[in-house]
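Now for the letters of each chain:
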Amino acid sequence: IKAGDNASSKKIIEEAKKIFETGYFASVNPEPKHTSYNSISVLYKVKENPIVKSINLKGNTLYTTEELIKASGIKVGEVLDGNLLYPDDNGIINLYVKDGYLGTRIESINVSDEGDINIKLTEGVVDSVEFANMKYRNNDEIPLSLKTKPYIFERSQAIKPGQILQKENIEATIKNLYRTGIFDRVEPFIEGKEDDPNARIVKLLVEERATTTINGSISYGTAVGLVGGLKLSDDNFLGRDQQAAINLEASNKGDKTFDLSWFDPWLRGTERVQAGGSIYWTE
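Nothing here was measured: the structure is a model prediction, and the numbers come from that model.

## Concerning the overall build of the chain
Item 1. Within the chain, the regular secondary structure consists of five helices and 13 strands.
Item 2. For 283 residues, the compact-globule estimate of 2.2 N^0.38 gives 19 Å, and the C-alpha radius of gyration of the chain, at 33 Å, exceeds that figure by more than 25%.
Item 3. Its C-alpha atoms give the chain principal-axis dimensions of about 110 × 50 × 35 Å.
Item 4. Burial status across the chain gives 31% buried among its 283 residues.
Item 5. In the chain, the proportion of contacts linking residues at least 24 apart, taken out of those at least 6 apart, comes to 49%.
Item 6. Put simply, the chain shows about 18,100 Å² of open surface, and 52% of that area lies on carbon and sulfur atoms.
Item 7. Computing the positive centroid from 35 side-chain charges and the negative centroid from 42, the chain places the two 2 Å apart.

## Structural notes on the pattern of salt bridges
Item 1. In the structure shown here, the tally under the stated rule is 16 salt bridges.
Item 2. Notably, a salt bridge pairs Lys98 with Asp99, separated by 3.2 Å at the nearest N-O pair.
Item 3. Its relative accessible area of 62% is what places Lys98 among the exposed residues.
Item 4. Across the salt bridge formed by Lys167 and Glu171, the nearest N and O atoms sit 3.9 Å from each other. Note that Lys167 and Glu171 are positioned in helix 5 (residues 167–179) at a spacing of four residues, about one turn of the helix.
Item 5. The partly exposed category is assigned to Glu171, whose relative accessible area is 36%.

## Focus on the sheet that holds strand 8 (residues 196–208)
Item 1. Pairing within the open sheet is mixed, and its three strands lie in the order 6-8-7. The sheet terminates laterally at strand 6 (125–133) and strand 7 (183–193), the two strands that pair on one side only. Pairs of neighbouring strands in the sheet enclose a mean axial angle of 20 degrees, with direction left out of account.
Item 2. As paired strands, strand 6 and strand 8 are joined by eight bridges and run parallel to one another. In the sheet register, Phe131 faces strand 8, and the bridge partner there is Leu204.

## Regarding a nonpolar patch on the surface
Item 1. A cluster of nonpolar residues, Ile214, Leu230, Leu232, Ile246, Leu248, Phe258, Leu260, Ile279 and Trp281, forms a patch on the protein surface that exposes about 860 Å² of accessible area.
Item 2. For the nonpolar patch, the elements supplying multiple residues, two or more each, are strand 10 (225–234), strand 11 (243–251), strand 12 (256–264) and strand 13 (275–282).

## Comments concerning the environment of Leu62
Item 1. Within the secondary structure layout, Leu62 lies in the loop between strand 3 (54–58) and helix 2 (65–72).
Item 2. Linking Leu62 and Tyr96, residues 34 residues apart in sequence, is a C-alpha distance of 8.9 Å.

## Notes on the pairing of strand 2 (residues 39–48)
Looking along a regular strand, one sees the side chains alternate between the two faces of the sheet.
Item 1. For strand 1 (residues 25–36) and strand 2, the ladder comprises 10 bridges, and the chain directions are antiparallel. Looking at strand 2, one finds that Pro32 is bridged to Val42.
Item 2. Between the end of strand 1 and the start of strand 2, which pair antiparallel, lie two residues.

## Overview of the packing of helix 2 against helix 3 (residues 91–98)
Item 1. It is at 7 Å that the axes of helix 2 and helix 3 come closest, and there the two elements cross at 110 degrees. When the axes of helix 2 and helix 3 are compared, the pair comes out roughly perpendicular. Counting all contacts with helix 2, which are made through Leu68, Ala71 and Ser72, the residues of helix 3 involved are Gly91, Ile92, Leu95 and Tyr96.

## Topic: the sheet that holds strand 9 (residues 212–221)
Across a sheet, paired strands are connected by hydrogen bonds in the backbone, their directions being either parallel or antiparallel.
Item 1. Spatially, five strands are ordered 9-10-11-12-13 in an open sheet, and the strand pairing comes out antiparallel. Only two strands of the sheet have a single neighbouring strand rather than two, namely strand 9 and strand 13. This sheet shows a mean twist of 10 degrees between the axes of neighbouring strands, independent of strand direction.
Item 2. One ladder, built from 10 bridges, connects strand 9 with strand 10; its direction is antiparallel. Bridge assignment links Gly221 to a residue of strand 10, and that residue is Gly225.

## Comments concerning helix 3
Item 1. Every buried residue of helix 3 is listed here: Gly91, Ile92, Ile93, Leu95 and Tyr96.
Item 2. The inward-facing, buried residues of helix 3 contact strand 3, helix 2, strand 4 (105–111) and strand 5 (116–122).
Item 3. Taking the backbone nitrogen of Ile92 as reference, a side-chain oxygen 2.9 Å away marks Asn90 as the first, capping residue of helix 3.
Item 4. Once helix 3 ends, the next one or two residues include Gly100, with phi positive near 90 degrees.

The rules behind these values
Residues numbered from 1 in each chain as written. Predicted model: local features only at pLDDT ≥ 70, side-chain atom pairs only at ≥ 80, totals over all residues. Heavy atoms only, no water. Helix = DSSP H or I, 4+ residues; strand = E, 2+ residues; numbered from the N terminus. Rg over C-alpha atoms; globule rule 2.2 N^0.38 Å. Buried < 20%, exposed > 50% of the residue type's maximum accessible area, 1.4 Å probe, protein only. Contact = heavy atoms within 4.5 Å. Areas by Shrake-Rupley, 256 points an atom, 1.4 Å probe, with all protein chains shown as cover. Lys, Arg positive; Asp, Glu negative; His and termini not counted. Charge placed at Lys NZ, Arg CZ, Asp CG, Glu CD. Salt bridge = Lys/Arg side-chain N within 4 Å of Asp/Glu carboxyl O. Pairing = 2+ DSSP bridges. Axes fitted to C-alpha atoms, helices over the stretch in contact; angles between N-to-C directions. Patch = residues over 30% accessible without salt bridge, like charges linked within 9 Å, V, L, I, M, F, W, Y side chains within 5 Å. Parallel < 35°, antiparallel > 145°, perpendicular 65-115°, else oblique. Polar contact = N/O pair within 3.5 Å; in protein donor to acceptor, adjacent residues only side chain to side chain.

Structure representation (structure tokens):
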């Protein structure tokens, strides 16, 4: 705003906002006052942030207080830049995120008039891991039940309760689930817990792939004649990530074939033992 400009209440407020956004003021209040019939003066009353006297942190275990103070950008002996305390610009949170810790959260920041800054944070310890179907029955709020057995999820799970939540563990869990071949989508969500500020609940919503197929075939050969076939297969048999199939073929010349096959890529209760086989009858 310059002397001689046309007065605008909108611009007066915008200028106050610009001053506040520097981060060095706790409050900025514009007070326009008429000085004559056709002119006004504007007084901006500001309350400056205190000079930082001390910085105290509570709840950190992964980094020392000195490391976090350095990351915050706040310096003792200088006027507090309030912008450094905002979530998007907070160097403490950015440090945790950069190193893959996604559950860290600042619970409270208190700044005294004397310049003492007290920051309480929670690093985010995994309380539980839940798996649910992302599809709902009609318009109900209850998701459809999952076909896949719980132990299939558990052995794919790299996220462990009691550990501080890390990005790499979430990514590893998602990759393990996709490797089974029985899921089309996996989406993670992180939630807090009301009675424990440091607890994080990890929810993974999954969409199961349609694994059951029925195939029919008809062919003709001079040696075998007209042959018809029917095959029923399931790549997530009984929800156990097993592959099972029934195949039946018959020709008009009397040839018949019937076979059953089964394969488990990871036997339950083993380190990673596979097993499979087939039984057939032919005439």
